[in-house]
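Here are the chains, one letter per residue:
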Amino acid sequence: MFQSYFDNKIVAVTGGSEGIGRAIVEQLLNMNCKVATCGRNSDKLYQLHVANPVKELHTQVADVSNEHDCRRFIESTIETFGGIDILINNAGISMMAEFEDTDLGTIRQVMDVNFWGAVYCTKYALASIKERKGDIVGISAIAGNRGLPGRSGYSASKWAMQGWLEALRTELMGTAVNVSWISPWFTHSYGGIVSQGKKGIYEDPSPIHEAGMLTVEETAFKILRTIAKRNRTRVLTLRGKITVWLSRLFPGLADKLVRKFFYKDNKLTR
Ligand SMILES: NC(=O)c1ccc[n+]([C@@H]2O[C@H](COP(=O)([O-])OP(=O)(O)OC[C@H]3O[C@@H](n4cnc5c(N)ncnc54)[C@H](OP(=O)(O)O)[C@@H]3O)[C@@H](O)[C@H]2O)c1
C-alpha cells in the first residue's frame, strides 16, 4: 500500500486550493499527513479550510512568481510543522494562443509561475528536505516532453522545469533526496489560462474536452502513487506515454499528428 509512504509526513504543495493541487492536498490529509499549501486567492484557501477543518492543514496566501512570497510560504510551513519532507511544485498556469498572437508578457508570466515558482520554493525548502531525506517533485505536463501548439510558453516553462530538476537530481545523488518530475495527462480542472491571444478564439477556459480525460482525483492519486515509488520521472496514462515515445522515436510523424489534433482547416482549434 503506497499510502503508508506518506504516513506522518509533512508535505508542502503549491497551488493546492483548486484543481489537481487541491485533490492532492485532500488525499494527503486522508493519509495522515501534515499539509501546507498556498495560492493567490484567500477565499479559495478559506474554502479549503471549511471543507477540511483539521489542524494538520496550513495555508498561506502566496503568489509563487514572487520570491518573497515563496520564502514566507516555506518558512511558515517549517515554523508550523517543524520541517518539510516533501515539496510538490504544482502551482501552474497555462496559455492559449499561437506565438505570433502572444504578448511577450504572457510568456514571461507563465515562466514566472511554472518555472521560477518551483525554483524559489525549492531553494527555500531544500535544507529541510535534505535533513529529512525527502522528496522534491515537479508537476510537469505532456507539453514538457513535446512542444504543443498554442502553448509555446507553457511548453517552454515545463521543459525548463524538467531540465532544472534533472540537474538538481544529479547534484543531490548520494543525499537520499529523491528529485522527480511527473507529467499528467489532460485532466478536468480550471487550468488557469492567462492569454487567449488577439484572435480570442477560445471562450471556454478549459477548451480540451476529450474522452479519456482524467478527473482531478484520478490524476492526484496517480501522482501520489508515483511519488511513493520514488521514481525518477513518470508520464501518466498509456496515451501520455504513447504521445511522448512517438515524439522521441518518430518526431516528424509526431509533428503531423499533433498538428492534426490541435488544428482544423489550418486554424488552431484547441
Ligand atoms: N489540468 C491539466 O490537464 C493538466 C495537465 C498536465 C499538467 N497540469 C499541471 O498540473 C498543475 C495543476 O494544474 P490544474 O489544472 O490543477 O490548475 P488549476 O485548476 O488552474 O489550479 C491551479 C492552482 O494553482 C494556484 N495558482 C495559480 N497560479 C498561482 C500562483 N502564481 N501562485 C500560487 N498559486 C497559484 C491556483 O490558486 P489561485 O488561483 O488562488 O492562485 C490553484 O489552486 C499545473 O502545474 C499544470 O501545468 C495540468
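Please refer to the structure higher up on the page.
Residues numbered from 1 in each chain as written. Predicted model: local features only at pLDDT ≥ 70, side-chain atom pairs only at ≥ 80, totals over all residues. Heavy atoms only, no water.

1. A look at the site of the ligand
Residues in contact with the ligand amount to 31 residues; listed here are only the nearest, Arg40, Lys44, Asn90, Tyr154 and Ser189. Within the backbone of glutamate 18, a nitrogen or oxygen atom sits 3.1 Å from an oxygen atom of the ligand. For the ligand, whose unbound accessible area comes to 890 Å², protein coverage reaches 94%. Within the residue set of the shell around the ligand, elements represented by two or more residues are helix H1 (19-29) and helix H5 (152-171). A per-class count over the shell around the ligand returns 13 nonpolar, 13 polar and five charged. (Near = heavy atom within 4 Å. Polar contact = N/O pair within 3.5 Å; in protein donor to acceptor, adjacent residues only side chain to side chain. Areas by Shrake-Rupley, 256 points an atom, 1.4 Å probe, with all protein chains shown as cover. Helix = DSSP H or I, 4+ residues; strand = E, 2+ residues; numbered from the N terminus. Nonpolar A, V, L, I, M, F, W, Y, C, P; charged D, E, K, R; others polar.)

2. So, a nonpolar patch on the surface
Taken together, the side chains of Trp245, Leu249, Phe250, Leu253 and Leu257 define a hydrophobic patch exposed on the protein surface, amounting to about 540 Å² of accessible area. Secondary structure elements with two or more residues in the nonpolar patch: helix H7 (238-249) and helix H8 (251-262). Among the structural elements, leucine 249 can be located in helix H7. Given the relative accessible area of 56%, leucine 249 is considered exposed. (Patch = residues over 30% accessible without salt bridge, like charges linked within 9 Å, V, L, I, M, F, W, Y side chains within 5 Å. Salt bridge = Lys/Arg side-chain N within 4 Å of Asp/Glu carboxyl O. Buried < 20%, exposed > 50% of the residue type's maximum accessible area, 1.4 Å probe, protein only.)

3. Quick look at the state of the cysteines
Scanning the entire structure with this criterion turns up zero disulfides. Just so you know, cysteine 38 is unpaired, no disulfide at all, and the nearest cysteine sulfur is the one on cysteine 121, 5.9 Å from it. Just so you know, cysteine 70 is unpaired, no disulfide at all, and the nearest cysteine sulfur is the one on cysteine 121, 3.5 Å from it. (Disulfide = S-S within 2.5 Å.)

4. Overview of the packing of aromatic side chains
For any pair of aromatic rings, the description rests on two quantities: the centre-to-centre distance and the angle between the ring planes. Scanning all chains against the criterion turns up eight aromatic pairs. Among the aromatic residues, those joined into a cluster by ring pairs are Phe2, Tyr5, Phe6 and Phe221. Sitting above the plane of the tyrosine 5 ring, lysine 9 keeps its charged end 3.8 Å from the centroid. (Phe/Tyr/Trp six-rings, centres within 6.5 Å; stacked < 30°, edge-to-face > 60°. Lys NZ or Arg CZ within 6 Å of the ring centre and 35° of its normal.)

5. Concerning the side chain of arginine 146
Note that arginine 146 resides in the loop between strand S5 (135-139) and H5. When sequence neighbours within four positions are dropped, the list of residues in contact with arginine 146 reads Trp159, Ser247, Pro251, Ala254, Asp255 and Val258. (Contact = heavy atoms within 4.5 Å.)

6. Considerations on the environment of lysine 34
Summarising the element assignment, lysine 34 is placed in strand S2 (residues 34-39). Through-space distance from the C-alpha of lysine 34 to that of lysine 123 is 21 Å; in sequence the pair is 89 residues apart. Apart from residues no more than four positions distant in its own chain, lysine 34 is found in contact with Asn8, Lys9, Ile10, Val11, Glu56 and Phe81.

7. Quick word on helix H3 (residues 67-81)
The end-to-end C-alpha distance of H3, which contains 15 residues, comes to 21 Å, matching closely the 21 Å that a straight helix rising 1.5 Å per residue would cover. Those residues of H3 lying buried are Asp69, Cys70, Phe73, Ile74, Ser76, Thr77 and Phe81. End-on view of H3: buried residues confined to an arc of 165°, all on one side of the axis. More than 90 degrees from the buried face of H3, the exposed residues found are His68 and Glu79. Here the buried face of H3 lies against strand S1 (10-14), S2, strand S3 (57-61), strand S4 (86-89) and helix H4 (104-131). At the C-terminal side of H3, glycine 82 shows a positive phi close to 95°. (Expected span 1.5 Å × (residues − 1). Arc of directions from axis to C-beta.)

8. As for the pattern of salt bridges
Oppositely charged side chains can form a pair if their charged atoms are brought close together. Taken as a whole and assessed by the stated rule, the structure comprises nine salt bridges. A salt bridge links glutamate 26 to arginine 22; the shortest N-O distance between them is 3.3 Å. Here glutamate 26 pairs with arginine 22, and both are found in helix H1, just four residues apart, close to one helical turn. Look at glutamate 26 and you get partly exposed, because its relative accessible area is 24%.

9. A short note on the environment of phenylalanine 250
Within the secondary structure layout, phenylalanine 250 lies in the loop between H7 and H8. Each C-alpha atom of the pair phenylalanine 250 and serine 4 lies 40 Å from the other, and the pair is 246 residues apart in sequence.

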